[in-house]
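Take a look at the letters that make up each chain.
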Amino acid sequence: MRRAHPQGRDAFAVRLAALLAPLLAALLALSASPGYAQTPDSLSLGQALDRARAARPQVTVAAAAVERARGARRVAGVIPNPSAQLERDDLAPTNKLTVVQSFAWLPRRGADLAAGRALVERAAADSAQLIADLARDVRLAFYAALAGEERLRLAAEQVALADSLIRLAERRVSAGDISELERDQVAQEASRARLASSRAREEARVARTNLARAVAWESGPSGAAPRPAGALADGLDTATTAESPAAVAAEARALAELPALRAALADSAAAAARLRAARLAQIPIPSLLAGREWGGDTSRRSNATFGFALPIPLLSQGREAVAEARGAAVEGAARAAETRLALAAQLSGARVRLEETAARARFARDSLVPEARRIRVGAVRLYEAGRTGVLPVFDALRAEREVDQTLVGELVAFQRARADLTALLGRWQ
């Protein structure tokens, strides 16, 4: 039997330690970080949305706005109460009671109710948009916190790689392959990596604080802000093409359902209903009068009276109110048409941004990052073998760091585009 050479076993152990050192150093860096001394509660995106909907006061504001609009609609349909007048004279008949009921509201009642219904529709659209904006706020905070966690993880990997490079440089100095100056350059690169790790830790902690604010998180069992549990690339591989027939048809259907367009159309409908009410208010509708006279002469019976009062359009015929309402109706219709054009462009642009950000994120994930990893591994291997200097290793490390940050930035841009499109559609999920 052939026995393994002791030098071969030592070389294998050294390489195994070099492979495991980055992972162990990353775990130690994360456990030793000040922001992670306590284990915070994890929070998925679904849990964050549910918590925000249950705890954020903005939801109460949305519901109250709809309730107020419904109350205004009931006010518009209220029939005015009759008025009663009681008189007492010294001469007979000494007592007189008159009841007057106005019917001026009757012609315009339908138009007033239509305006009230339009106000309720406007409030419902505003409420849906308010809730959708709340969901967008939660999504952005959630994925920003995930991005902070990812940047911190990448920074810890860079620190671990720099530390392993220092150990490699120490061995080469001991062997006389490189100078102490080159070892000091490697140490300086490790110090820069630690500085970047501190900056990433700060950003991650601030992002988690913003997430806690977005979901109205007061304090968890650990007393720390919640940590997001999810993937920054959620939905990346299922993003559809904005120019596909299905996406175009969905965009046409979604345009009519946008809360912003529903609100503009409701404003236009309310203005048109007010114009009809102003025109109908020009019709002179009489008020009915009924009364009774008694007292003063017991030989006579009480006297019943009945009649009507007709308004005389002498000083104003209501044309001023009609002119004002007509201008408001024309303005409302024009604003609704302009809003439709703007929202169509905004919806199309949001879908294009979603498609392009998804394409960039997939390219960075599938092409740039693996290539940067391969170049860095090759540079370190050549440096370990003494076939190259340390500068190519520095270049590879920095290029990998830039590519990693590019990937995180593109994923955040993709999630922002998703959140913007979902909020524009007025959807919670």
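Analysis parameters
- Residues numbered from 1 in each chain as written.
- Predicted model: local features only at pLDDT ≥ 70, side-chain atom pairs only at ≥ 80, totals over all residues.
- Heavy atoms only, no water.
- Helix = DSSP H or I, 4+ residues; strand = E, 2+ residues; numbered from the N terminus.
- Buried < 20%, exposed > 50% of the residue type's maximum accessible area, 1.4 Å probe, protein only.
- Contact = heavy atoms within 4.5 Å.
- Areas by Shrake-Rupley, 256 points an atom, 1.4 Å probe, with all protein chains shown as cover.
- Core = buried A, V, L, I, M, F, W, Y, C linked by side-chain atoms within 4.5 Å.
- Phe/Tyr/Trp six-rings, centres within 6.5 Å; stacked < 30°, edge-to-face > 60°.
- Lys NZ or Arg CZ within 6 Å of the ring centre and 35° of its normal.
- Pairing = 2+ DSSP bridges.
- Axes fitted to C-alpha atoms, helices over the stretch in contact; angles between N-to-C directions.
- Patch = residues over 30% accessible without salt bridge, like charges linked within 9 Å, V, L, I, M, F, W, Y side chains within 5 Å.
- Salt bridge = Lys/Arg side-chain N within 4 Å of Asp/Glu carboxyl O.
- Parallel < 35°, antiparallel > 145°, perpendicular 65-115°, else oblique.
- Nonpolar A, V, L, I, M, F, W, Y, C, P; charged D, E, K, R; others polar.
- Expected span 1.5 Å × (residues − 1).

Novice: Just checking my understanding: could you explain the overall build of the protein for this structure?
Specialist: Within the protein one finds 9 helices and 6 strands. In the protein, which comprises 429 residues, the share counted as buried stands at 37%. At a minimum sequence separation of 6, the contacts of the protein that also span at least 24 residues come to 81%. Counting only carbon and sulfur atoms, one obtains 56% of the accessible surface of the protein, whose full area is about 24,700 Å².

Novice: Before we go on, may I ask you to explain the nonpolar core in this structure?
Specialist: When a protein is soluble and globular, its nonpolar side chains tend to lie buried together. Counting 50 residues, the largest nonpolar core has V138, V215, L232, L258 and L347 as its most contacted members. Mapped by element, the contributors of at least two residues to this core are α2 (45-55), α3 (57-76), α4 (109-175), α5 (180-214), α6 (245-257), α8 (319-384) and α9 (390-424). The greatest single-element share of this core, amounting to 11 residues, is contributed by α4. With residues up to four places along the chain from it excluded, the contact list for L232 reads Y143, L146, A147, V408, L411, V412 and Q415. Judged by nonpolar contacts, the second largest core, of 19 residues, contains A169, A190, A379 and F394.

Novice: What is the right way to read the packing of aromatic side chains from this model?
Specialist: The geometry of two aromatic rings is summed up by the distance between their centres and the angle between their planes. Going through the model one piece at a time under the given rule, you end up with 2 aromatic pairs. Here the aromatic rings of F142 and Y143 are separated by 5.3 Å at their centres, their planes lie at 85°, and the arrangement is edge-to-face. Taken individually, F142 and Y143 each receive the classification buried, so the pair is uniform in this respect. Looking at R53, its charged tip hangs above the ring of W428, at a distance of 4.8 Å from the centre.

Novice: Can you help me understand the sheet that holds strand β3 (residues 95-101) in this one?
Specialist: Backbone hydrogen bonds are what pair the strands of a sheet, in a parallel or an antiparallel way. Read from one edge to the other, the open sheet built from 4 strands follows the order β2-β3-β5-β6, with strand pairing classed as antiparallel. Unpaired on one side and paired on the other, β2 (83-88) and β6 (303-309) mark the two borders of the sheet. Neighbour-to-neighbour, the strand axes of this sheet turn through a mean angle of 15°, independent of strand direction. As paired elements, β2 and β3 share 6 bridges and run antiparallel to each other. Within β3, the residue paired with E87 across the bridge is K96.

Novice: Just to check I follow, could you spell out a nonpolar patch on the surface for this structure?
Specialist: A grouping of L86, L97, V99 and W294 is seen on the molecular surface, where their side chains present a nonpolar patch of about 350 Å² in accessible area. Tracing the backbone through its elements, the reader meets L97 in strand β3.

Novice: Is there a simple way to think about the packing of α3 against α4 in this case?
Specialist: A pair of packed helices can be characterised by two numbers: the angle between their axes and the separation between those axes. Between α3 and α4, whose axes approach to 8 Å, the crossing angle comes to 175°. With respect to their mutual orientation, α3 and α4 come out roughly antiparallel. The segment α3 lies against α4, with Q58, V59, V61, A62, A63, A65, V66, A69, R70, R73 and A76 engaging D112, L113, G116, R117, L119, V120, A123, A124, S127, L130, I131 and L134. Looking at side-chain class alone, the contact of α3 with α4 contains 16 nonpolar, 3 polar and 4 charged residues.

Novice: Mind showing me how you'd approach unusual backbone geometry here?
Specialist: Peptide bonds are trans in most cases, and residues, glycine excluded, mostly fall at negative phi. A positive phi angle is found at A216, which is not glycine, with a value near 55°. On the basis of relative accessible area, A216 is assigned to the partly exposed category, the value being 26%.

Novice: Please clarify how the packing of α5 against α9 should be interpreted in this entry.
Specialist: Their axes nearest at 11 Å, the elements α5 and α9 cross at an angle of 10°. The orientation of α5 relative to α9 falls into the category roughly parallel. Contacts between α5 and α9 involve E182, Q185, V186, E189 and R192 from the former and V390, F394, R398 and R401 from the latter. Looking at the contact of α5 with α9 residue by residue, the classes come out as 3 nonpolar, 1 polar and 5 charged.

Novice: Just to check I follow, could you spell out the environment of E384 for this structure?
Specialist: As for its placement among the helices and strands, E384 is situated in helix α8. Remark: the alpha-carbon pair of E384 and R171, spanning 213 residues in sequence, is separated by 9.6 Å. Apart from the residues within four sequence positions on either side, E384 is in contact with L168 and R171.

Novice: How should the pattern of salt bridges be read in this particular structure?
Specialist: Side-chain pairing between opposite charges can occur once the charged atoms of the two side chains come close. This model, assessed by the stated rule, comprises 24 salt bridges. The salt bridge involving D112 is made with R108; its shortest N-O contact spans 3.1 Å. Between R376 and E400 there is a salt bridge, with the nearest N and O atoms lying 2.9 Å from each other. In this pair, R376 is assigned in helix α8 and E400 in helix α9, connecting sequence segments 24 residues apart. Classification of E400 by relative accessible area gives buried; the value is 2%.

Novice: I keep staring at the pairing of β3 and nothing clicks. Help me out?
Specialist: Remark: a regular strand shows side chains that alternate across the two faces of the sheet. If you look at the hairpin formed by β2 and β3, you'll find 6 residues sitting between the two strands. As judged from the 7 bridges shared by β3 and strand β5 (residues 287-294), these two strands associate in the antiparallel manner. Residue Q101 lies in a different strand from β5, and its bridge partner there is L288.

Novice: Teacher, can you tell me more about α4 here?
Specialist: In an α-helix, one turn spans 3.6 residues, which is why side chains three or four residues apart end up on the same side. Here α4 spans 98 Å end to end across 67 residues, near enough to the 99 Å set by a 1.5 Å rise per residue. One or two steps after α4, the chain reaches G176, where phi turns positive at roughly 80°.

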